[in-house]
Amino acid sequence: MNINYNETIPNNVNLSDDRRLLRALEQWQPAYINWWKELGPDQTQNFEVYLRTAISVDAKGWAHFGHVRMPEYRWGIFLSPAEKDRRIGFGHHKGESTWTEVPGEYRTELRRLIVTQGDTEPASVEQQRHLSKTCPSLYDLRNLFQVNVEEGRHLWAMVYLLQAYFGRDGREEADEMLSRHAGDPNKPRILEAFNEQTDDWLSFFMFTYFQDRDGKFQLAALSESAFEPLSRTCRFMLTEEAHHMFVGETGIMRIIQRTCELMREYDTDKISLMGGIDLNIIQKWINFHYSICLDLFGSERSTNAANYYSMGLKGRYQENKINDDHLLTDSYVSLPKIEEDEIRNEETPALTAINMKLREDYAKDSQRGLDRFNKIIESYCIDTKLTLPHPAFNRNIGVFKDVKASPSGKIIDATTWNKQRDQWLPSSADYELVKSLMVQVIEPGKMAGWIAPPKRGIHGLPIDYEYVLFH
Ligand SMILES: [Fe+2]
Ligand SMILES: [Fe+2]
């Protein structure tokens, strides 16, 4: 095969000089394109989408915008520039030089971390594949596709690591990424939140707010890794993740704004009859997405997480800004436990509480957006506050998995839970209602009735620009 890979696969990893890697990617690429056509955005092969393509890691490389057919998108492989003389920041190897090769004794753990991260990327594309049929505007449709192609690129990033550094089993894992599928009963994606459906746009904006934020925290923790290629790959991925969260946060803000406008106009909080999304529905979607995302952080107490930390494979969020010994062999933190149907605390070695630390940082970051949402509601003089549910609410992993709790964190029995559940989490009637509002709007500049227009268009273009051309 005679392909100029610097052209078709933009990269800064000297792809054209690495014959072994080239061969592996040559074999993988057709399978990836088939997967995209089969399980990527549904019936969109001929759409020309105004997309941003990364062609290098400097600021100029990012400014590459133009209409592209998605299967022809140039998925590239990029690492952030190496930091000079970077040292390992935590764990047993703290202070030593970082690794450019995979250490044999940590190979299995490192591969598992990369596979788990990699698996979420194509999963989200699969989860979102039907959304184009109900897009609220061309602007939003384009943003959906931008997120999708970048999640595709994130898969490329992880596949690159597997193929370049893990030999044959890495290549097998790369193939597996395309054979597990979101929601497939026989071969599901690894993490549960990535098997849920994302069939309506309220779910999509919640997904990009909450699930992609989990992505940010996982990538940030992996970017602390002693394994240089992983660290540098994740650092570059974080720049894309920021855009996904922007789509989520501004999407939710625009929905809230429209909801508040309708509430004021009709002087009622039941605005679904007027084509809007009630605040209490938005709250239920928050409750659902936030609680399933907390599960993504794993158990509060975890020896795996402790091992990853001590080995230097996965750190904490902004490790070097934390003021402690970065070994955690003698420190303790307070963790929740359930005792006599109550949530109590107990002192636990900080090393086994690494997941909890990342989860808490995630919770703080999530709350910041909620504060902005509430400012909008306040500005319309509406007396409602959106909140994040308590960590005990609706959990399937960790200390809270065997109890039922209200959104405020009160432990309740199963009967009470069953009675109240539909007031806290989306019911089938809520899904039906939200779905009924989802009608496709593709006239440039027009918006569906349940969402306010964005403040500005993309890359300096007007809001009514033709971001997607249909043929
Ligand atoms: Fe991603
Ligand atoms: Fe993302």
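Residues numbered from 1 in each chain as written. Chains lettered and ligands numbered in written order. Predicted model: local features only at pLDDT ≥ 70, side-chain atom pairs only at ≥ 80, totals over all residues.

1. Focus: the nonpolar core
- Val159 and Ile255 are the most contacted members of the largest nonpolar core, which totals 108 residues.
- For this core, the element with the highest residue contribution is helix H5 (residues 138-165), accounting for 15 residues.
- Setting aside chain neighbours within four positions, we find Ile255 in contact with Leu202, Phe205, Ile277, Ile282, Trp450 and Ile451. (Core = buried A, V, L, I, M, F, W, Y, C linked by C-beta atoms within 7 Å. Buried ≥ 20, exposed ≤ 12 C-beta atoms within 10 Å, placed from the backbone. Helix = DSSP H or I, 4+ residues; strand = E, 2+ residues; numbered from the N terminus. Contact = placed C-beta atoms within 7 Å.)

2. Brief notes about the sheet that holds strand S1 (residues 48-53)
- Read from one edge to the other, the open sheet built from three strands follows the order S2-S1-S7, with strand pairing classed as antiparallel. At either end of the open sheet lies a strand with only one pairing partner, and these are strand S2 (64-69) and strand S7 (468-469).
- Bridge analysis of S1 against S7 gives two bridges, and the strand direction is antiparallel. Bridging from a neighbouring strand, Glu48 pairs with Leu469 of S7.
- Across the sheet, H5 lies against S1 and S7, angled at about 50° from S1, the strand it touches most. (Pairing = 2+ DSSP bridges. Axes fitted to C-alpha atoms, helices over the stretch in contact; angles between N-to-C directions.)

3. Examining helix H13 (residues 428-437)
- Where H13 is concerned, the buried positions are Asp430, Val434 and Leu437. Along H13, the residues classed as buried sweep out an arc of 55° about the axis, all on the same side. Exposed residues lying more than 90 degrees from the buried face of H13 are Ser428, Ala429, Glu432 and Ser436.
- Buried-residue contacts for H13 involve helix H7 (201-222) and helix H9 (279-295). (Arc of directions from axis to C-beta.)

4. What about the packing of helix H2 (residues 19-39) against H5?
- Orientation of H2 relative to H5, taken along the N-to-C sense of each, is 150°, at an axis distance of 11 Å. The orientation of H2 relative to H5 falls into the category roughly antiparallel. Between H2 and H5 the crossing geometry is right-handed. Here Leu21, Ala24, Leu25, Trp28 and Trp36 of H2 come into contact with H5, specifically with Gly152, Val159, Gln163 and Ala164. (Parallel < 35°, antiparallel > 145°, perpendicular 65-115°, else oblique. Left-handed = near helix turned anticlockwise from the far one by under 90°.)

5. Looking at the environment of Phe393
- Within the secondary structure, Phe393 is located in the loop between helix H11 (354-379) and strand S5 (404-405).
- Along the primary structure Phe393 and Gly76 are separated by 317 residues, whereas in three dimensions their C-alpha atoms are 40 Å apart.
- When near neighbours in sequence (up to four residues on either side) are disregarded, Phe393 contacts Asn287, Ser291, Ala405, Ser406, Pro407 and Gly409.

6. Brief notes about the pairing of S1
- Here S1 pairs with S2 via six bridges, running antiparallel. Following the sheet pairing, Val49 is matched in S2 by Val68.

7. A word on H11
- Over its 26 residues, H11 runs 39 Å from end to end, which matches the ideal 38 Å to within 8%, given 1.5 Å per residue.
- Among the residues of H11, those classed as buried are Ile354, Asn355, Met356, Lys357, Leu358, Arg359, Tyr362, Ser366, Gly369, Phe373 and Ile377.
- Of the surrounding elements, those touching the buried residues of H11 are H7, helix H8 (228-266), H9, helix H10 (303-311) and strand S3 (332-339).
- Phi for Cys381, located one or two positions after H11, is positive at around 55°. (Expected span 1.5 Å × (residues − 1).)

8. A look at the packing of H7 against H8
- Running from N to C, H7 and H8 point in directions that differ by 155°, and their axes come no closer than 8 Å. By the angle between their directions, the pair H7 and H8 is classed as roughly antiparallel. As H7 packs across H8, the resulting crossing turns out to be left-handed.
- Of the residues belonging to the contact of H7 with H8, the class tally is 16 nonpolar, five polar and five charged. (Nonpolar A, V, L, I, M, F, W, Y, C, P; charged D, E, K, R; others polar.)

Purely geometric stuff here, so don't read any function into it on its own.
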